[in-house]
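This is what each chain is made of:
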Amino acid sequence: MIKEKNILNINKIRDDFPILKREVNGKPLVYFDNGATSQKPQLVIDVINKYYTFENSNIHRGIHTLSQEATNAYEVARKKVQRFVNAQHEHEIIFTKGTTDSINLVAASFGKKHLKKGDEIIISNMEHHSNIVPWQMICEEKEAVLKVIPINDKGELLMDEFKKLLSPKTKFVSITHVSNTLGTINPVKEIIKLAKEAGALVLIDGAQAVPHTKIDVQDLGCDFYAFSGHKMFGPTGVGILYGKEAILNDLPPYQGGGDMIKTVTFEKTTYNELPHKFEAGTPNIVGGIGLGVAIDYMNSIGLDKIEAYEHELLTYATEQIKQIEGVRIVGEAAKKASVLSFVVDGTHPSDIGMIIDKLGVAIRTGHHCTEPLMNRLNVPGTARASFAFYNTFEEIDIFIAALKRAVTMLK
Amino acid sequence: MTIKEKQEEIVEEFSLFDEWMDKYEHIIELGKELPLIEEKYKTDENLIKGCQSRVWLHAELIDGNVIFTADSDAIITKGIIGLVIRVFSGHSPKEIAETELFFIDQIGLQEHLSPTRSNGLLSMLKQIKMYAVAFQAKQ
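Residues numbered from 1 in each chain as written. Chains lettered and ligands numbered in written order. Predicted model: local features only at pLDDT ≥ 70, side-chain atom pairs only at ≥ 80, totals over all residues. Heavy atoms only, no water.

Novice: Would you mind going over the overall build of chain A with me for this structure?
Specialist: Scanning chain A from terminus to terminus reveals 14 helices and 17 strands. A globule of 411 residues ought to have a C-alpha radius of gyration of about 22 Å, and chain A, at 22 Å, matches this closely. Principal-axis analysis of the C-alpha atoms gives chain A an extent of 70 × 55 × 35 Å. Buried positions account for 59% of the 411 residues belonging to chain A. Partitioning the contacts of chain A with sequence separation of at least 6, the portion at a separation of at least 24 is 72%. Roughly 16900 Å² of accessible area belongs to chain A as shown, and the carbon and sulfur atoms make up 51% of that amount. Side chains of chain A carry 47 positive and 49 negative charges; the gap between the two charge centres is 1 Å. (Helix = DSSP H or I, 4+ residues; strand = E, 2+ residues; numbered from the N terminus. Rg over C-alpha atoms; globule rule 2.2 N^0.38 Å. Buried < 20%, exposed > 50% of the residue type's maximum accessible area, 1.4 Å probe, protein only. Contact = heavy atoms within 4.5 Å. Areas by Shrake-Rupley, 256 points an atom, 1.4 Å probe, with all protein chains shown as cover. Lys, Arg positive; Asp, Glu negative; His and termini not counted. Charge placed at Lys NZ, Arg CZ, Asp CG, Glu CD.)

Novice: Please clarify how the packing of aromatic side chains should be interpreted in this entry.
Specialist: Aromatic ring pairs are described here by two measures, namely the spacing of the ring centres and the angle between the planes. Residue and element names in this part refer to chain A. Here the structure, examined in full by the defined rule, presents 23 aromatic pairs over all chains. Geometrically, the ring pair formed by phenylalanine 17 and tyrosine 297 is edge-to-face, given 5.6 Å between the ring centres and 80 degrees between the ring planes. Within this pair, whereas phenylalanine 17 is found in the loop between α1 (10-15) and β1 (23-24), its partner tyrosine 297 is found in helix α10 (residues 285-301), the two being separated by 280 residues in sequence. Aromatic pair phenylalanine 233 and tyrosine 390: ring centres 6.1 Å apart, planes at 80 degrees, arrangement edge-to-face. Taken together, the residues phenylalanine 233 in the loop between β9 (224-228) and β10 (239-243) and tyrosine 390 in the loop between β17 (382-386) and α14 (393-410) connect sequence positions 157 residues apart. On the basis of relative accessible area, phenylalanine 233 is assigned to the buried category, the value being 2%. The rings of Phe17, Phe233, Tyr297, Phe389 and Tyr390 are connected pair by pair, giving a single aromatic cluster. (Phe/Tyr/Trp six-rings, centres within 6.5 Å; stacked < 30°, edge-to-face > 60°.)

Novice: Please explain the nonpolar core as it appears in this structure.
Specialist: Nonpolar side chains tend toward joint burial in soluble globular proteins. Residues and elements named next belong to chain A. One finds Val173, Tyr225, Ile321, Phe389 and Phe399 to be the most contacted residues of the largest nonpolar core, which totals 150 residues. When residues of this core are assigned to domains, at least three fall in each of domain 1 (10-31 + 302-410) and domain 2 (46-299). Not counting chain neighbours up to four residues away, the residues in contact with tyrosine 225 comprise His177, Ile204, Gly206, Ala209, Val210, Ile215, Val217, Leu220, Ile240, Leu241 and Tyr242. (Core = buried A, V, L, I, M, F, W, Y, C linked by side-chain atoms within 4.5 Å. Domains from an automatic or database assignment.)

Novice: It is not clear to me how a negative patch on the surface should be interpreted in this structure. Could you clarify?
Specialist: All names here are of chain B. A cluster of acidic residues, Asp18, Glu19, Asp22, Glu25, Glu29 and Glu33, forms a negative patch on the protein surface. Along the chain, aspartate 18 turns up in the loop between α1 (3-14) and α2 (20-33). A relative accessible area of 74% means that aspartate 18 is categorised as exposed. (Patch = residues over 30% accessible without salt bridge, like charges linked within 9 Å, V, L, I, M, F, W, Y side chains within 5 Å. Salt bridge = Lys/Arg side-chain N within 4 Å of Asp/Glu carboxyl O.)

Novice: Where do I start with the sheet that holds strand β6 (residues 145-149) of chain A in this structure?
Specialist: What holds strands together in a sheet is hydrogen bonding between their backbones, with the strands either parallel or antiparallel. Residue and element names in this part refer to chain A. Here we have 7 strands laid out as an open sheet, ordered β4-β10-β9-β8-β7-β5-β6, and mixed in their pairing. The sheet is open, and its two edges are formed by β4 (93-96) and β6, each paired on a single side. Strand-to-strand twist of the sheet, defined as the mean angle between neighbouring strand axes without regard to direction, takes the value 20 degrees. Sheet topology note: the strand β5 (residues 120-124)/strand β7 (residues 170-176) ladder contains 3 bridges and is parallel. (Pairing = 2+ DSSP bridges. Axes fitted to C-alpha atoms, helices over the stretch in contact; angles between N-to-C directions.)

Everything listed is a geometric property; what it means functionally is a separate question.
The structure is reproduced here in structure tokens:
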């Protein structure tokens, strides 16, 4: 039926994720909420345990051995991230709390220095709240204007409308790589090219892209790329902001504190060099180290294989769900990552989610932190199944059976 | 029946169900049976907005007792609301304000009151108590 079913050694992979063996409500867990957060392989869990058991100490400041070991481990993780996204320099990799923190950093620091009354920032109609609200906040403060690229009914950006929005007033363009709600893969390379031609800086929200596809920030040409550790099989509370060296050097610090300074007097403080200038305070050390291990793990499987396998999962799930009467898929872009959002006529997404949860299937329901998108598509919310490379075709069958049962109950 | 007795009755009713699916089926039936709130009361003022689903709650004081009507766009939430209304509606503000709500826990639906569900149900319960206190002050 599916000829590429064996792209991955799925049984071995599933053994690497201990949580996949547990039961929920007396049923084997089918975890399809990977868009919200991914599960963690044993290697990541072990490194966290090992760090606190044998290596814990503060980094960048200590003279003693433990501190040097911890600093080394943290900085090795930074190198791994650099290679993972193909950044030119390792100091272009800033550790943050997550994608939201990364975007807030850029909005606040860029806005503070460069944004003036009447300047324009462009986002899109499918952005997550975390790529809307930080820009609204700085626009309000600086009396700048937020412009929104509209989408079509399939959930694709209207590129002609984007071109019309660009002008000498455009100072910044901030767009998601992959829509968390619809799965749409946006033509970010083209967006970046057009924005650059208009003289604007560009940030790409890569939270939903990084777990599924190979990222090359130099090839993309973006000024900033933001993503989270926890959606790519690493720990929560750690994220990355990639920024081009010259641009990061130009921006003022986001937060003040330890680690980000060169010298402090009451008269004048001078700031540390990149990346430390943007990393005030003791960071999530084990988070960074865990993220490095998650990257090793993803590399060991291969992003090409991950992408190909997940595409098969999405295609199979889409075919199956279409056979259920009353189901409407929300988000039918030509290019999609492994996200399947849907509504069922005459039912509310939360009812679907609650019932299939009792059958062991974890999905997300609601507005997915994209309220303006829900308003545009005229739905109160959707049910969303999002797949990772450890999911299986058999799990999709369980999900479809559970969904059928829920629909029967609710109608 | 007192509010307490009504709750005990519901707990007994639900003790018949071993399976979650049966429990949900019953709640869905209750949701379908719940008399709809009058359209004119489905106002923004009466709307309790949750992350997942919306709940409308209207309260009136008739002959010294509070009459609640409510609705939700999600059927399971609506079924649970139906139970809450059955328990509280038609009682004095004093009794509503003073009686503890225990049946939701006892029939195993406490997860619907957790902040992660954000379905407006918890806010609705707070709103019911607030109406009772407000009507009490008026009397």
